[in-house]
Amino acid sequence: TILGALARDRFSFIKGDVDLYGGRATVSGETVWNPADTWSFAGHIADVNPAEIRSDLPGKLSFNFATQGQKFDGTGDFSVDIRDINGALRKVPASGSGKFTRTGATWQFDKLRMALGATNIAVDGHLDDTFDLRFGISAKDLSLLSPESRGTLEANGTIRGTPKDPIIAATLHGNGIQHEGVSIRDLLADIDFNPNPAYES
């Protein structure tokens, strides 16, 4: 059910209720096509079941969201802000929030946090012609990445510099890792890399 108003240059959603992956989405906002293609939506997603997309991820998730952007062909700038993730996946509690933005060739990550039982992911910073990215991963079950993946991974650190001359400081610990044809029995790494010839990596 969608309640809105149609004009020559836009369609405004006063309220939209849509069935979505076993749950429900309540949305408001507008789509504009003159003088430029833009959109802006906000709302609440309730009790969606990820198993509708991947059968090995049963559960129910709910969250609030807000998104806005330009162009309808996927090439324009956009942002997605997700808040108050709650529910359960594979019978373990889920929580999280955060925002990511693409502006031109720049990706910005602001306090992206996701917790699923004993698995936690945190990302902050930006990626473009230069890097300034901080990350933390504590994954007890890599099958969340894909049905065939296995193993555990603990990783945290920073990536700075440029694609040609990256500066990496990170620690990694994992075992029993299998992902996309790569198998690693045990992994223990302490990385302090700087391509500057004056620096001892």
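Residues numbered from 1 in each chain as written. Predicted model: local features only at pLDDT ≥ 70, side-chain atom pairs only at ≥ 80, totals over all residues. Heavy atoms only, no water.

K.L.:
Residue-level account of the overall build of the chain, with values.
P.N.:
Looking only at helices and strands, the chain features zero helices and 13 strands. Reading the helices (α) and strands (β) of the chain from amino to carboxyl end gives β-β-β-β-β-β-β-β-β-β-β-β-β. Oriented by its inertia axes, the alpha-carbon framework of the chain measures out at about 65 × 40 × 25 Å. Across the 201 residues that make up the chain, the buried fraction comes to 27%. Taking all contacts inside the chain whose residues are at least 6 apart in sequence as the whole, residues at least 24 apart take part in 30%. When the accessible surface of the chain is summed, it comes to about 12,300 Å², and 57% of that surface belongs to carbon and sulfur atoms. Treating the 20 positive side-chain charges of the chain as one cloud and the 26 negative ones as another, the clouds have centres 4 Å apart. (Helix = DSSP H or I, 4+ residues; strand = E, 2+ residues; numbered from the N terminus. Buried < 20%, exposed > 50% of the residue type's maximum accessible area, 1.4 Å probe, protein only. Contact = heavy atoms within 4.5 Å. Areas by Shrake-Rupley, 256 points an atom, 1.4 Å probe, with all protein chains shown as cover. Lys, Arg positive; Asp, Glu negative; His and termini not counted. Charge placed at Lys NZ, Arg CZ, Asp CG, Glu CD.)

K.L.:
Please set out the pairing of strand β5 (residues 59-70) residue by residue, giving values where relevant.
P.N.:
Where strand β4 (residues 38-48) and β5 come together, nine bridges link them in antiparallel fashion. Note on β5: the bridge partner recorded for G43 is F65. The pairing of β5 with strand β6 (residues 78-89) spans ten bridges and is classified as antiparallel. Looking at β6, one finds that F65 is bridged to I82. (Pairing = 2+ DSSP bridges.)

K.L.:
Kindly report on the pattern of salt bridges, identifying the contributing residues and their values.
P.N.:
Under the criterion given, the structure shown has 13 salt bridges. A salt bridge links D132 to R134, with the nearest nitrogen and oxygen atoms 3.2 Å apart. Linking K140 and E154 is a salt bridge whose minimum nitrogen-to-oxygen distance equals 3.0 Å. Of this pair, K140 sits in the loop between β10 (131-139) and β11 (150-161) while E154 is found in strand β11, placing the two residues 14 residues apart along the sequence. The network of salt bridges with shared partners includes R54, D56, R90 and D141. (Salt bridge = Lys/Arg side-chain N within 4 Å of Asp/Glu carboxyl O.)

K.L.:
Give a detailed account of the packing of aromatic side chains, specifying residues and quantitative values.
P.N.:
This structure, assessed with the given rule, holds four aromatic pairs. Between F78 and W107 the ring centres are 5.8 Å apart and the planes differ by 80 degrees, which places this aromatic pair in the edge-to-face class. One end of the pair, F78, is in strand β6; the other, W107, is in strand β8 (residues 106-116), with 29 residues separating them in the sequence. Here a set of aromatic residues connected by ring pairs shows up, and it is made of F11, F13 and F41. (Phe/Tyr/Trp six-rings, centres within 6.5 Å; stacked < 30°, edge-to-face > 60°.)

K.L.:
Talk me through the side chain of D124; I want residue IDs and the actual numbers.
P.N.:
Residue position: D124 is located in strand β9 (residues 119-127). A distance of 2.6 Å separates a polar side-chain atom of D124 from the backbone nitrogen of K111. In contact with D124, not counting residues within four places along its chain, are F109, D110, K111, L112, R113, D132, L133 and R134. (Polar contact = N/O pair within 3.5 Å; in protein donor to acceptor, adjacent residues only side chain to side chain.)

K.L.:
So what about the side chain of S79? Which residues, and what values?
P.N.:
For S79, the location among the structural elements is in strand β6. Take S79: its relative accessible area is 10%, and that puts it in the buried class. Ignoring anything within four residues of it in the chain, the contact list for S79 reads A66, T67, Q68, K99, F100 and T101.

K.L.:
Describe in detail the pairing of β9, supporting the description with residues and values.
P.N.:
Inspection of the sheet shows β8 paired to β9 by eight bridges, in the antiparallel sense. By the bridge assignment for β9, W107 is matched with L127. Here β8 folds back onto β9 in antiparallel fashion, the turn holding two residues, of which G117 has a positive phi close to 60 degrees. Here β9 runs beside β10; their pairing, made up of eight bridges, is antiparallel. What sits directly across from V123, in β10, is F135. Counted along the chain from β9 to the antiparallel partner β10, the turn is three residues long.

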